[in-house]
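# Secondary and tertiary structure notes
Next come the chains, spelled out residue by residue.
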Amino acid sequence: GIDNLEHGFGAMTDFVPGRRPDTCPLDRLGTLLDTIDPDAPEVSELIAHLVERDVALTSTLVVFEDMTPGAARLGEPARALLSPSALATYDAIHQLIDRADAARGAANMAKMMRLERMFVEAGGTLLAGSDPTGAGGALPGFASIRQIQLLVEAGLGFEQAVRIGSLNGACYLGREREVGSVEVGKRADLILVDGDPLANPAALERIATVFKAGIGYDRQALLDSARGLVGHR
C-alpha cells in the first residue's frame, strides 16, 4: 500500500540485524548502510520488489551529502542568504560533522548513489527532492541544483537526471499536463544558464534569469532580496 518512499535508500532499515517490525532502530541511524553490499542478492531482490509494486523513491542525496564528513559545503552565494543565527548554527553543526569518520561517510554516500542508480536501471521511478532540513545546508533552489549534479555524479546521464528532477515528479503528482517539461501549453517555469550543463553540470550554478509562469526575473536581484533572511528568527 506504499506509493513512495522518501530519502531513497539512505533511510533503509531492511537489513538492520535484529530489526523488529514497526520499530525504528534509532540507535542505528547514521550507520544503516555500513554492512550493506549493493551486490548482495537480497538487495537486488528488494529493488525488484519495489519496481514490481511500482513504488517510487524520492532521492535526497543533497541532504545526505550535507551530513557527510568532509563533503562540499555551502558557497558564498548561499551563505549570504542565511541569517546570522542560522549561519552560526550551520557552521557549528558542520564543525562537529567534519570531526567524524570521513572515509566511512564517503563510503555510505557512494552506496546510496549506487543503489539509486541500480533502482533506475531496474526500471524504478526515481523522484528528486531536497528537504531543507538535516544539517541546514539544503537551501531551496541551491539544493535542487546540487541534487541534479549528485544524480549525474551517481552515474546517470544529465538529461536523465533533469527528467528525474522535473517530469518524473510532475507525472507522479498527476500534473504532467501543466508542468514538468518544455512543451507548448505548459506553464513556462524555466531557467537560463550561462554555459552547457550537458558538458559540465556546474553550469547549472550560473543562472542568469529565472522564468516563473513566463515572466523573467534577474537571479541576482532575487538573491539580494533574500539576503540574510533564510532561517531568520
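See above for the structure.
Quick summary incoming for the structure in this document. (Residues numbered from 1 in each chain as written. Predicted model: local features only at pLDDT ≥ 70, side-chain atom pairs only at ≥ 80, totals over all residues. Heavy atoms only, no water.)

### Observations regarding a nonpolar patch on the surface
Among the surface-exposed residues, Ile215, Tyr217 and Leu222 lie close enough to one another that they form a single nonpolar patch of about 260 Å² accessible area. Its place among the elements puts isoleucine 215 in strand S6 (residues 215-218). For isoleucine 215, a relative accessible area of 47% translates into the label partly exposed. (Patch = residues over 30% accessible without salt bridge, like charges linked within 9 Å, V, L, I, M, F, W, Y side chains within 5 Å. Areas by Shrake-Rupley, 256 points an atom, 1.4 Å probe, with all protein chains shown as cover. Salt bridge = Lys/Arg side-chain N within 4 Å of Asp/Glu carboxyl O. Helix = DSSP H or I, 4+ residues; strand = E, 2+ residues; numbered from the N terminus. Buried < 20%, exposed > 50% of the residue type's maximum accessible area, 1.4 Å probe, protein only.)

### Quick notes on the pairing of S6
Note that strand S5 (residues 207-212) and S6 share 4 bridges and pair antiparallel. Residue pairing in the sheet places valine 210 in a bridge with tyrosine 217 of S6. The hairpin turn running from S5 into S6, its antiparallel successor, is 2 residues long, and alanine 213 in that turn takes a positive phi close to 55°. (Pairing = 2+ DSSP bridges.)

### Structural notes on the side chain of asparagine 168
Summarising the element assignment, asparagine 168 is placed in helix H8 (residues 167-172). Beyond its immediate sequence surroundings of up to four residues, asparagine 168 is in contact with Leu126, Leu127 and Arg163. (Contact = heavy atoms within 4.5 Å.)

### Regarding the sheet that holds strand S3 (residues 126-128)
Ordered by their spatial adjacency, 3 strands build an open sheet running S1-S2-S3, and the pairing between neighbours is parallel. A strand with exactly one partner marks an edge of an open sheet, and here the two such strands are strand S1 (4-6) and S3. Adjacent strand axes in the sheet meet at a mean angle of 25° when their direction is disregarded. Pairing of strand S2 (residues 56-59) with S3 involves 3 bridges; the strand directions are parallel. Residue pairing in the sheet places threonine 58 in a bridge with leucine 127 of S3. (Axes fitted to C-alpha atoms, helices over the stretch in contact; angles between N-to-C directions.)

### A word on the sheet that holds strand S4 (residues 190-193)
Pairing within the open sheet is antiparallel, and its 3 strands lie in the order S4-S5-S6. The strands lining the two open edges of the sheet, one partner per strand, are S4 and S6. Sheet twist, expressed as the mean angle between neighbouring strand axes with direction ignored, is 25°.

### Considerations on the pattern of salt bridges
According to the stated counting rule, one finds 13 salt bridges in the structure shown. Two residues, aspartate 39 and arginine 114, come together in a salt bridge whose shortest N-O distance is 2.5 Å. Here aspartate 39, found in the loop between S1 and helix H1 (41-52), pairs with arginine 114, found in helix H5 (residues 102-121); they are 75 residues apart in sequence, far enough to count as distant. Among the residues examined, aspartate 39 registers a relative accessible area of 53% and is labelled exposed. Taking the shortest distance from any N to any O, the salt bridge between glutamate 183 and lysine 186 comes out at 3.1 Å. Relative accessible area serves as the criterion here: at 48%, glutamate 183 is assigned to the partly exposed category. Of the residues examined, lysine 186 reaches a relative accessible area of 15% and is grouped as buried. Linked by salt bridges that have partners in common, Glu65, Arg146 and Glu153 make up one network.

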